[in-house]
Amino acid sequence: MASHLFLVNAATGTTLPPMPDAVGRIAGAVLTRGGAFGFLQALTDTIGPRLTGTDNSRRAADLLVHTMSQAGLENVHIEEYQLPSTWRRGTASGRLVAPVLHDLRVQSHGWAPSIHLLDAPLLDLGALVPGDLTPPMSHVRGSVVLADFPDRAGEFGYLNRARSAPLLAEAGAAALLIPSGKPSRLLDVTCFGNLPAAALPMLSIAQEDTLLLRRLLATGPVRLALTVENTLERTPAAERNVIAEWRGSSRPEEIIIVAAHFDSWDTGTGANDDGTGVAAIVETARVLAALDLRPMRTIRFVLFSGEEQGLLGSRAYVVAHGVELDCIKTVIVMDQGAGAPRGFKLHGRQDVAGAAARVIAPLHALDAAGLSQEARFDQDHAFFLAAGIPVMTLWVQPGEYDVHRHAMTDTLDKIDPRMLTIDTAVMAVAAFCVADGEAIGPRLGADASAALLRDTGLESAFNLLRVATDPVSFRA
Ligand SMILES: [Zn+2]
């Protein structure tokens, strides 16, 4: 075990809590090296956008293998899985043709098909849930549908969108326009539930243009033209996850996974989503190796691809490692950007909160020892959570993250190097403490895992993403 330093507060004479020597060395090294930002710059400026299934994604995986090998990590390798389809963005344009001529700011969502439409009526369905779409819906046929998909009826908005799109396609809608929630005419891109191919052309439209369309609709019919040129290949293709290990000293067979996703959307460079997570994890690995500090358990660094298409990389990983899942004791993920750290989200695992609080207590001084039970299914922890494994995702102040996330403005200039350094220290200390301390909780059995998904409202997200890519059920 690591030795401990005992500190005395000179002003009050009170003894501060003991600090594992290793934690001070790790935090000190991360805060003084500042290495995460340099790696993030290489990832975003020299590789750029990292859309799943592209050459840039392959280049990012190669850079990660090279960097982890150079740092002295062990068992550095690639694990492949199959994408059901690949997609490339082409051009997209929209134009009002009546009652006035006016260009519209639009952009295709991911894995959506092309369209050439010279003149079609616009139909506003407002805030939509699948239950609103009951046949025959003859008024939808041939129209471009404008609809919002907020979190509603106990479901995440992306689920309402994913379930509504096939119903709209079936009813004969020509295309679906989804208002961007972003300011300054910024557009959004997503595709959870779209693979292998979206049911109909699906576009993000600027908030300001949405408001114009709705003002015009209030006074009479509106008609528009749309052109989208995408390339959608329905042949399976190989994609890759990158793995590197730092072997444990006394219980190397027990594994703590520390993860982020290196894929990004194609319009920006994925600097915050999830370049910051990847950079923090690479630097964590480099610092542990440079200090030669071995926790009891093995830390397995996993950099996933395919996250933006529906957690494809992490889902494939859980499926491929089914027989090994009992050895994976905790999964720690960073994928919320480099905001001011608050602590970690446990996603509904009330039973692990006590031990988790004790294990991450050294993060109090960084104001990062908080715990949240907010449960979500939109990061790479999700299929591990569904498999019963305790998960911790970095919890940060959101700041401007949601403005730039998935937008063309998710670029390096938005990243505060100081905050990324602090988040990296939090991730590095958490990784070491979880790998070196008491187990934060057991793996739940199949029934308890199913109950957890039900109780946290994550069951339908699990079902959507589980079946979206292939019919394999990861739990035998
Ligand atoms: Zn992300």
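Please read these numbers as outputs of a predicted model, since none were measured by experiment.

Caption draft 1: Main features of the overall build of the protein. Scanning the protein from N- to C-terminus turns up 13 helices and 20 strands. Scaling as 2.2 N^0.38, a compact globule of 476 residues should have a C-alpha radius of gyration of about 23 Å, and the protein matches this with 23 Å. For the protein, with 476 residues in total, the buried portion stands at 57%. Within the protein, residue pairs in contact and separated by at least 24 positions form 83% of the contacts whose partners lie at least 6 positions apart. If the 40 positive side-chain charges of the protein are averaged to one point and the 52 negative ones to another, these points end up 1 Å apart.

Caption draft 2: Seen up close, the coordination of the zinc ion. For the zinc ion, the protein coordination sphere consists of His261 (NE2), Asp273 (OD), Asp335 (OD) and Asp335 (OD), at 1.9 to 2.6 Å. Given four donor atoms and angles of 52 to 146 degrees at the metal, the environment of the zinc ion is assigned as irregular. Counting gaps between the donor residues of the zinc ion yields the pattern H-x11-D-x61-D. On the criterion of sequence distance, the pair formed by His261 in strand S15 (residues 251-261) and Asp335 in the loop between strand S17 (328-333) and strand S18 (341-345) is long-range, its members being 74 residues apart. The two residues His261 and Asp335 agree in class, both being buried.

Caption draft 3: Structural view of unusual backbone geometry. For the peptide bond that leads from Leu195 to Pro196, omega is 5 degrees, which places it in the cis range. Its location among the elements puts Pro196 in the loop between strand S10 (175-179) and strand S11 (202-205). In the segment running from Asp273 into Asp274, the intervening peptide bond is cis, with an omega of 0 degrees. Tracing the sequence through the fold places Asp274 in helix H6 (residues 271-291). Unlike most non-glycine residues, Met137 shows phi in positive territory, near 50 degrees. For Met137, the position within the fold is in the loop between strand S8 (115-127) and strand S9 (144-148).

Caption draft 4: A look at the sheet that holds strand S7 (residues 106-108). Ordered by their spatial adjacency, eight strands build an open sheet running S6-S5-S12-S8-S9-S10-S11-S7, and the pairing between neighbours is mixed. The outermost strands of the open sheet, each flanked by one partner alone, are strand S6 (102-104) and S7. Averaged over all pairs of adjacent strands, the angle between their axes in this sheet comes to 35 degrees, without regard to strand direction. As paired elements, S7 and S11 share three bridges and run antiparallel to each other. Pairing of Val106 across the sheet is with Ile205, part of S11. Against the sheet, helix H5 (residues 207-217) engages strand S5 (92-98), S6, S8, S9, S10 and S11, with an angle of about 80 degrees to S8.

Caption draft 5: Broad picture of the nonpolar core. By size, the foremost hydrophobic cluster in this structure holds 69 residues, and its most contacted members are Ile26, Val258, Val278, Phe301, Leu303, Phe344 and Leu363. For this core, the leading source of residues is helix H11 (residues 417-436), giving 12 residues. If you look at the next biggest cluster of nonpolar residues, it comprises 36 residues, including Ile328, Ile389, Phe462 and Leu464.

Caption draft 6: The arrangement of the packing of aromatic side chains in detail. Under the defined criterion, the tally for this structure stands at 10 aromatic pairs. Ring geometry for Phe377 versus Phe462: centroids 6.1 Å apart, planes at 75 degrees, classification edge-to-face. Taken as a pair, Phe377 in the loop between strand S19 (370-372) and helix H9 (382-386) and Phe462 in helix H13 (residues 459-469) lie far apart in primary sequence, 85 residues in all. Three or more aromatic residues link up through ring pairs in this structure, and these residues are Trp87, Trp111 and Trp265.

Caption draft 7: Representation of the packing of helix H2 (residues 35-47) against helix H3 (residues 55-70) within the structure. Closest axis-to-axis distance for the H2/H3 pair is 11 Å, and the angle between their directions is 150 degrees. Comparing their axes, H3 and H2 come out roughly antiparallel. Regarding H2 and H3, the two cross each other, and that crossing is right-handed. Contacts from Phe39, Leu43 and Ile47 in H2 reach Asn56, Arg59, Ala60, Leu63, Leu64 and Thr67 in H3.

Caption draft 8: Representation of the confidence of the model for the protein within the structure. Here the protein shows a mean pLDDT of 93. Residues at 70 or above account for 94%. Below a pLDDT of 50 lies the segment residues 1-9, which in the model reaches 20 contacts outside its immediate sequence neighbourhood of four places, other chains included.

Caption draft 9: Quick look at helix H1 (residues 21-33). Between its first and last C-alpha, H1 extends 18 Å over 13 residues, near the 18 Å set by a 1.5 Å rise per residue. For H1, the complete set of buried residues consists of Ala22, Val23, Ile26, Ala27, Ala29 and Val30. The arc enclosing the buried residues of H1, seen along the axis, measures out at 160 degrees, which places them on a common side. Of the residues one or two after H1, Gly34 is the one with positive phi, at around 60 degrees.

Caption draft 10: Structural detail: H11. Relative to the 28 Å expected for 20 residues at 1.5 Å per residue, H11 spans 28 Å between its end C-alpha atoms, a close match to the ideal helical length. With 17 of 20 residues buried, H11 is to be regarded as a mostly interior element. For H11, the side-chain oxygen to backbone nitrogen distance between the N-cap and Arg418 is 3.0 Å, and the N-cap itself is Asp416.

Caption draft 11: Representation of the environment of Arg342 within the structure. With respect to the secondary-structure elements, Arg342 resides in strand S18. Overall, Arg342 belongs to the partly exposed group, its relative accessible area being 35%. Spatially, the C-alpha atoms of Arg342 and Arg418 are 15 Å apart, while their sequence positions differ by 76 residues. With residues up to four places along the chain from it excluded, the contact list for Arg342 reads Asp367, Ala368, Ala369, Gly370, Trp395, Val396 and Gln397.

Caption draft 12: Representation of the packing of H1 against H11. Following both chains from N to C, one finds H1 and H11 inclined at 155 degrees, their axes separated by 9 Å at the closest point. Here H1 lies roughly antiparallel to H11, going by the angle between them. Here the hand of the crossing between H1 and H11 comes out right-handed. Along the contact surface, H1 presents Ala22, Val23, Ile26, Ala27, Val30 and Leu31, while H11 presents Thr421, Ile422, Thr424, Ala425, Ala428, Val429, Phe432 and Cys433. Within the contact of H1 with H11, the residues separate by chemical class into 12 nonpolar, two polar and no charged.

Rules of the game
Residues numbered from 1 in each chain as written. Predicted model: local features only at pLDDT ≥ 70, side-chain atom pairs only at ≥ 80, totals over all residues. Heavy atoms only, no water. Helix = DSSP H or I, 4+ residues; strand = E, 2+ residues; numbered from the N terminus. Rg over C-alpha atoms; globule rule 2.2 N^0.38 Å. Buried < 20%, exposed > 50% of the residue type's maximum accessible area, 1.4 Å probe, protein only. Contact = heavy atoms within 4.5 Å. Lys, Arg positive; Asp, Glu negative; His and termini not counted. Charge placed at Lys NZ, Arg CZ, Asp CG, Glu CD. Donors = N, O, S within 2.8 Å, 3.2 Å for Na, K, Ca; no water. Tetrahedral: all angles 85-135°; square planar, octahedral: opposite > 155°, others 65-115°. Pairing = 2+ DSSP bridges. Axes fitted to C-alpha atoms, helices over the stretch in contact; angles between N-to-C directions. Core = buried A, V, L, I, M, F, W, Y, C linked by side-chain atoms within 4.5 Å. Phe/Tyr/Trp six-rings, centres within 6.5 Å; stacked < 30°, edge-to-face > 60°. Parallel < 35°, antiparallel > 145°, perpendicular 65-115°, else oblique. Left-handed = near helix turned anticlockwise from the far one by under 90°. pLDDT = per-residue confidence, 0-100. Expected span 1.5 Å × (residues − 1). Arc of directions from axis to C-beta. Polar contact = N/O pair within 3.5 Å; in protein donor to acceptor, adjacent residues only side chain to side chain. Nonpolar A, V, L, I, M, F, W, Y, C, P; charged D, E, K, R; others polar.

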